[in-house]
Amino acid sequence: MNKSPRFVSVPGPVIVGAGPSGLAVAACLRQKGVLSMVLERFSCIASLWQSKAYDRLRLHLPKQFCELPLMGFPGEFPTYPTKQQFIHYLESYAQKFEIGPRFNETVTHAEYDKATGFWRVKTVGKKTEETVYRCRWLVVATGENAEAVVPEIDGMGEFGGAIKHTSSYKSGEEFKGKKVLVVGCGNSGMEVCLDLCDHSAKPSLVVRHTLHVLPREMLGKSTFRVVHVAAQVAALAPCRPNLSGKTPVLDVGTLAKIKSGDIKICPGIKKLKRHTVEFIEGKTENFDAIILATGYKSNVSSWLKERDMFSEIDGFPTKPFPNGWKGECGLYAVGFTKRGILGASVDAKRIAEDIERCRNEEATLCDRSVLIYREC
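The model shown is predicted, which means the values in this text are computed figures rather than measured ones. (Residues numbered from 1 in each chain as written. Predicted model: local features only at pLDDT ≥ 70, side-chain atom pairs only at ≥ 80, totals over all residues. Heavy atoms only, no water.)

Student: Even after reading the chapter, I still don't get the sheet that holds strand β4 (residues 106-113), so can you show me in this structure?
Tutor: The strands making up a sheet associate through backbone hydrogen bonding, with each pair oriented either parallel or antiparallel. With mixed pairing, the 4 strands of this open sheet are ordered in space as β1-β6-β5-β4. Each edge of the open sheet is held by one strand with a lone partner, namely β1 (6-10) and β4. On average, each strand axis in the sheet is tilted by 20° relative to the strand beside it, whichever way the strands run. Bridge count between β1 and strand β6 (residues 130-135): 5 bridges; the pairing is parallel. If you follow Ser-9 over to β6, its bridge partner there is Arg-134. (Pairing = 2+ DSSP bridges. Helix = DSSP H or I, 4+ residues; strand = E, 2+ residues; numbered from the N terminus. Axes fitted to C-alpha atoms, helices over the stretch in contact; angles between N-to-C directions.)

Student: Looking at this structure, how should I read unusual backbone geometry?
Tutor: One can expect most non-glycine residues to show negative phi and most peptide bonds to be in trans. The omega torsion across Phe-321 and Pro-322 is 10°, close enough to zero to call that bond cis. For Pro-322, the location among the structural elements is in the loop between β21 (296-297) and β22 (331-333). For Glu-98, which is not glycine, the phi dihedral falls at a positive 55°. Locating Glu-98 in the fold gives a position in the loop between α3 (83-96) and β4. Take Glu-98: its relative accessible area is 59%, and that puts it in the exposed class. For Lys-338, which is not a glycine, the phi torsion comes out positive at approximately 60°. Mapped onto the fold, Lys-338 is located in the loop between β22 and α7 (340-375). (Buried < 20%, exposed > 50% of the residue type's maximum accessible area, 1.4 Å probe, protein only.)

Student: What should I look at first to understand the sheet that holds strand β19 (residues 284-286) in this one?
Tutor: Ordered in space as β17-β18-β19, the 3 strands form an open sheet in which the pairing is antiparallel. The open sheet has two free edges, formed respectively by β17 (269-273) and β19, since each of these has just one partner strand. Direction aside, the axes of adjacent strands within the sheet are offset by 25° on average. Relative to β19, strand β18 (residues 276-279) is paired through 3 bridges, and the arrangement is antiparallel. Across the sheet, the residue bridging to Glu-278 is Thr-284, located in β19.

See below:
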């Protein structure tokens, strides 16, 4: 027999997601004296970094572009912190701002109740227990990388070898001496190929379209920093910069391996057979394993019952950056700018300021109502 859900009234905002974006909003709110409740479906903060990132991962951008609001990285950290260093930074951040998420609570339904003027957020716990949170403000911080994108490839069931997404890839050590096909040539795919080379595997990389790759540094300076400054200058001109928000592919040594022949380039896949890949131009080649570096997607449309702020197609805000952070009825979004932690930090500050303003206005109205009542 199913138990009735537990009902919890939250005086402040409910933040869904305890990744960097959710932590940033919670910290900015706390600085303004606004307490929030953070709901997280996994058992730790920054689960993407802690559980689904490969071992050799470092921040692709210099640390000053990856800092959360109100707290910088330790001075002794390198320009490009390691995965372990970044996790340590996030844990220290949560501790400093006393952010204690409710872990193992998966949000399955969130909907605005027009009759009461509150959001109803339903979660399911580890033991299938249900809780319904009632709040005035709802911050969606599940981000761009909530679910792995796993493409359907003809013959996947027949391949016989390992097929895994980068979310479950840790190290190339398990592929030593094996032929591995990496599908996806973004930052993850390029770096996984390099990692496979370093562990004596034989990687090939599927490249279906023209790819623009930038060196991580030029003349000792961060390429991203140069581009970022140029974009700021361009923003002052009559012609605005490109707002596509596509993450640049930054080379960390993979191109040299491609040029040397250690990493082979392959066209798109047509179908899979027993340990064999048939490519679109008809060529076939044997492989022991396939790594899908095919990215992630938003899962907002699966649980948020709202049709104006978020697209039902891709789960992103319908308004492009910098206007996608605020919706109606106390609904906010953070971590959907396609501009990494830098974009999330900008939106986190805006959200905290707006919620503080709304709270103060409501408190003023309440005080006036009490004063009028007493005068009567």
